[in-house]
Amino acid sequence: MFRLENVQKIYSRHGTAVTAFQCSSLSVATGAYVAILGPSGSGKTTLLSLLGGMLSPTQGRIWLGEQSVYDLSVEQRAKLRQEWLGFVFQTFNLVPYLTALENVQVPLCLAGEAAEVQRDKATAMLRRFGMEERLLHKPRELSVGQQQRVALARTLVSNPPVILADEPTGNLDPESRELVLNSLSECHHEGKTIVMVTHDPVAAERAERTVQLIAGELRDGGETTAMRSVA
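Positions within a chain are numbered from 1, following the residues in the order the chain's sequence is written. Only residues with pLDDT of at least 70 get local features here, since the model is predicted, and only at 80 or more are side-chain atom pairs given and counted; chain-wide, interface and lining totals rely on the full set of residues. Just so you know, side-chain values use all the structure's heavy atoms and leave hydrogens and water out.

Engineer: When you look at the environment of Val104 in this model, what are you seeing that I'm missing?
Structural biologist: Along the chain, Val104 falls in helix α3 (residues 100–110). Partly exposed residues are those whose accessible area sits between 20% and 50% of the maximum for their type, while under 20% is buried and over 50% is exposed, using a 1.4 Å probe and protein chains only. Overall, the relative accessible area of 0% leaves Val104 in the buried class. In this structure, the C-alpha to C-alpha distance between Val104 and Lys121, residues 17 residues apart in sequence, is 8.8 Å. For this analysis, residues touch if any pair of their heavy atoms sits within 4.5 Å. In this view, Val104 contacts Ala122, Leu126, Val150, Ala153, Arg154 and Val157; residues no more than four positions away in its chain are not counted. Helix and strand assignments come from DSSP, with helices taken as H or I runs of at least 4 residues and strands as E runs of at least 2, each series counted from the N terminus.

Set out below in structure tokens:
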């Protein structure tokens, strides 16, 4: 599914080159659930942005399937994201003036779905996350946990084959945290490929494989306890 070859991302900071991320080789198989573990500032979000086609590497190539992502034009990468990728953000990125229902409809609208189909699909997805009583509430009228549920519903409503999750359990209450992790596990069991970056070792244990990211360098952490127990 994903393949990284000699990838490096370098920023210039006060005239000094800073390596934010580097990796000689990394592969994520189709249907895998991989957790990228590392402290704040270790390069986790940089890696996710590289995988998501949103941040060009300084050098190296990133493949999604048979496509070299950064050999595409900006427009082609946008289409690739729409067709292949779903994003879960720690900051939710909900549109503040739209209701929960309208926020979940956004990717369906961009895909050209009919308005009635949008409403039906969005309503069903919000019900899946226990938000049927909050369809017409705007983000400011929802708790942090409820906002993350809406954000996750928006990610899943278009049924993307790949999910990139950036600290999806950060700042959540225990109930919402468990719901998000269970939903990601369900997506994995349905055959979706999941790459989650987190500093939470408990969340990482839900994955089948961990990768440590330390000072911008990747180190394979191997199978998780959950995966070894299945084996």
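Still more to cover.
Engineer: When you look at the nonpolar core in this model, what are you seeing that I'm missing?
Structural biologist: As a rule of thumb, soluble globular proteins bury nonpolar side chains together. Of all hydrophobic cores here, the largest spans 36 residues; its most connected members are Leu126, Phe129 and Val150. Those elements that place two or more of their residues in this core are β3 (33–37), α3, α4 (115–128), α5 (144–156), β7 (162–166), α6 (174–189), β8 (193–198) and α7 (201–204). Apart from the residues within four sequence positions on either side, Val150 is in contact with Leu94, Ala100, Asn103, Val104, Leu126, Met131 and Leu142. Phe2, Phe21, Tyr70 and Val195 belong to the second largest nonpolar core, which has 31 residues in total. Buried Ala, Val, Leu, Ile, Met, Phe, Trp, Tyr and Cys residues form a nonpolar core when they are joined through side-chain atoms within 4.5 Å.

Engineer: How should the confidence of the model for the chain be read in this particular structure?
Structural biologist: Low pLDDT means the predicted atomic positions in that stretch should not be read closely. The predicted model of the chain has a mean per-residue pLDDT of 88, with 94% of residues at 70 or higher. Summarising per-element confidence for the chain, the mean pLDDT is lowest in helix α8 (residues 225–230) (43) and highest in α4 (95). Per residue, pLDDT measures the predictor's confidence, with a range of 0 to 100. Throughout residues 225–231 the model reports pLDDT below 50, and contacts reaching past four residues in sequence, or to other chains, amount to four contacts.

Engineer: Got a minute to help me understand α4 in this structure?
Structural biologist: An α-helical segment advances 3.6 residues per turn. Residues three or four places apart therefore align on the same side. Between its first and last C-alpha, α4 extends 20 Å over 14 residues, near the 20 Å set by a 1.5 Å rise per residue. Every buried residue of α4 is listed here: Gln118, Ala122, Thr123, Met125 and Leu126. Looking down the long axis of α4, one finds its buried residues gathered within 165° of arc, a one-sided arrangement. Across α4 from its buried face, at more than 90 degrees, point the exposed residues Glu116 and Arg127. Against the buried residues of α4 lie α3 and α5. Among the residues trailing α4, Gly130 stands out with phi positive, at a value near 70°. To estimate how far a helix should reach, multiply one less than its number of residues by 1.5 Å. Directions pointing from the helix axis toward each C-beta atom define the arc.

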